[in-house]
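Observations on chain architecture
These are the residues of each chain, in order.
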Amino acid sequence: MNKLDTALVTSALEDAGFGFTDNVKQADVVLINTCSVRQHAEQRVLSQLGHLKHIKESRPDLVVGVIGCMAQRLGDKLLEHEVVNFVCGPTEIPQIKQLITKTLKEKKKSLAVTEKIRRKPSEQQSQALEEFESAYGIKDESIPAQAFVRVMRGCNNFCSYCVVPYVRGPEVSRRPEAIIEQIRKLADHGVKQVTLLGQTVNSYKYKKGEKTWSLADLLEAATDVEGIEWLRFVTSYPSEEFFDDIMQVMAGSPKVCEYLHMPAQSGSDKILLAMNRNYTAAGYLELLDRARAIVTGITIAGDFIVGFPGETEEDFQATVDLAEKARYKNAFIFKYSPRPGTTADKRLQDTVSAEVKQRRNVELLAVQEKISDELSRDLLGKQVQVLVEGLSKKSHVNIDRDENPQLIGRTSGDWIVVFNGPESSAGKFSQVTIESASPLTLFGRLAEL
Ligand code: SF4
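None of the values given here were measured: they were computed from a predicted structure.

Our focus in this paragraph is the domain arrangement of the protein. Taken domain by domain, the protein holds domain 1 (2-112), domain 2 (123-377) and domain 3 (383-446). Listed per partner, the contact involves 17 residues of domain 1 and 21 residues of domain 2. Sorting elements by how many residues they give to the side of domain 1 that touches domain 2 places helix 1 (residues 2-15) first, with 6 residues. Its residues assigned to classes, the side of domain 1 that touches domain 2 comprises 9 nonpolar, 5 polar and 3 charged.

Okay, here's the thing in structure tokens:
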């Protein structure tokens, strides 16, 4: 979501005639797009602001804007920071150009956050967001031939640890026509892969006349867009609703990537209940079985939070058990950190010590690494299709005999593949034979065609 917001803001500012620099010392305006999901992310923003303070001492005219979830969460408290000129929450992002130009001219502090964030957005606010999204959602070129398209905003789930519903507002699905039109424009600009985004993307729902559009309908309509070769969607909430329909569309269309990211968060029913996640561990695993039965070869990724308040060794063991049964391609594992304003923070004591959280994190990572390693080895010797993203981090070190640098690409199942090839392959599909594997990365060579 944040990457998409950054891309939209970048396009809007480019359109308004702003230029960009990687060197903060040359900038007239610095924008920090922020995340509030974990404490660590917010701490990093505060240390960035500390760094900017030194620069601002010699250049007092430098404008600093903080945008995103932390801006909405802290509002005027953040504006009090001596370095910050304006604060703009995610639902106020259409005002970004005006905020910058006004601050450059008037040098006054300004606050743009949504006061009653849990209220359904007004007609005017929705229209502004929609227009902003449609106008600037076609220029993101950060990864060649790939783009994100938001299909819904906000969330209504209120998982007890999560700040998202309080900073991004209630769940609102975008009109299917607007989404498909945006995908069409992206395809006209050479985009081959679109990732549909939503906090709980599989709960996308739009009532139009007699018909209620689901994510399955959206995916199906998007597969008809000429030029679009691959479609992905993140993140899925473990829910029965539309689940089989979505899996059927995946199984039926080579354009829908065989990949599901569906966080479990815990394997203990007691902890899942305390997290206000509306499923049990058995129910969750049943969904994975169904996904695998409908889409042969699907790869699945998950998320876990370890050290949630009240998590005992037994609860943690249940999480390890679930990870072993789920057999994820990879899992993102986080140590619980209380987020101010959430139910868990208000009602539950952060009982698990930092050392225990760390130990459980390491233990679960080791379990997952073993599974990832086994699954990646299954691909040894096989030929896979990848969409090439560009140069790998070590492109300059590992040049092959033909002087080709090292590239990075992803398979339909989201495996990362590193291989040598011409840089001009970025944004194109390549066939790669896998020669070696590590838990998270496959290494190969361009297949002879
Ligand atoms: S589903 Fe839960 S974890 Fe995901 S954004 Fe909504 S409240 Fe947060």
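Position of Lys207 among the secondary structure elements: in strand 9 (residues 205-208). Taking the C-alpha atoms as reference, Lys207 lies 9.7 Å from Pro176; in sequence the two are 31 residues apart.

A few words now on the sheet that holds strand 14 (residues 330-335). In space, the 3 strands of this open sheet follow the order 12-13-14, with parallel pairing throughout. Looking at which strands have only one partner, the edges of the open sheet turn out to be strand 12 (259-261) and strand 14. Along the sheet, successive strands turn relative to each other by an average axial angle of 10°, direction set aside. With 3 bridges joining them, strand 12 and strand 13 (residues 299-306) adopt parallel strand pairing. Paired with His261 across the bridge in strand 13 is Ala301. Sheet strands touched by helix 15 (residues 354-377): strand 13 and strand 14. Its angle to strand 14, the strand with the most contacts, is close to 180°.

A few words now on the site of the ligand. Surrounding the ligand, one finds Cys155, Asn157, Phe158, Cys159, Cys162, Val164, Pro165, Gln199, Thr200 and Tyr237. Here the residues of the shell around the ligand are counted per class, giving 7 nonpolar, 3 polar and no charged.

Another point: the packing of helix 1 against helix 6 (residues 123-136). Two elements in contact, helix 1 and helix 6, have axes separated by 9 Å at closest approach and are oriented at 75°. Between helix 1 and helix 6, the angle falls in the class roughly perpendicular. Touching Leu8, Ser11 and Ala12 of helix 1 are Phe132, Glu133 and Tyr136, all from helix 6. Among the residues making up the contact of helix 1 with helix 6, the classes are represented as 4 nonpolar, 1 polar and 1 charged.

Procedures and definitions
Just so you know, the residues in each chain are numbered from 1, in the order the chain's sequence is written. Reporting in this predicted model follows two pLDDT cut-offs: at least 70 for local features of residues, and 80 or more for side-chain atom pairs to be given and counted; totals over whole chains, interfaces and linings ignore these cut-offs and use all residues. Domain segmentation is taken from an automatic or database assignment of domains. C-beta atoms are first placed from the backbone for all residues, and any pair lying within 7 Å is then listed as a contact. The helix and strand labels rest on DSSP assignments: H or I over at least four residues marks a helix, E over at least two residues marks a strand, and numbering proceeds from the N terminus. In this classification, the charged set is Asp, Glu, Lys and Arg, the nonpolar set is Ala, Val, Leu, Ile, Met, Phe, Trp, Tyr, Cys and Pro, and all remaining amino acids, among them Gly, are polar. At least two bridges found by DSSP between two strands is the condition for calling them paired. The axes are straight lines fitted to the C-alpha atoms, using for helices just the contacting stretch, and the angles between their N-to-C directions are given from 0 to 180°. By definition, a residue lies near a molecule or strand provided its backbone-derived C-beta atom is within 6 Å of it. The cut-offs work like this: below 35 degrees is roughly parallel, past 145 is roughly antiparallel, 65 to 115 is roughly perpendicular, and the gaps in between are oblique.

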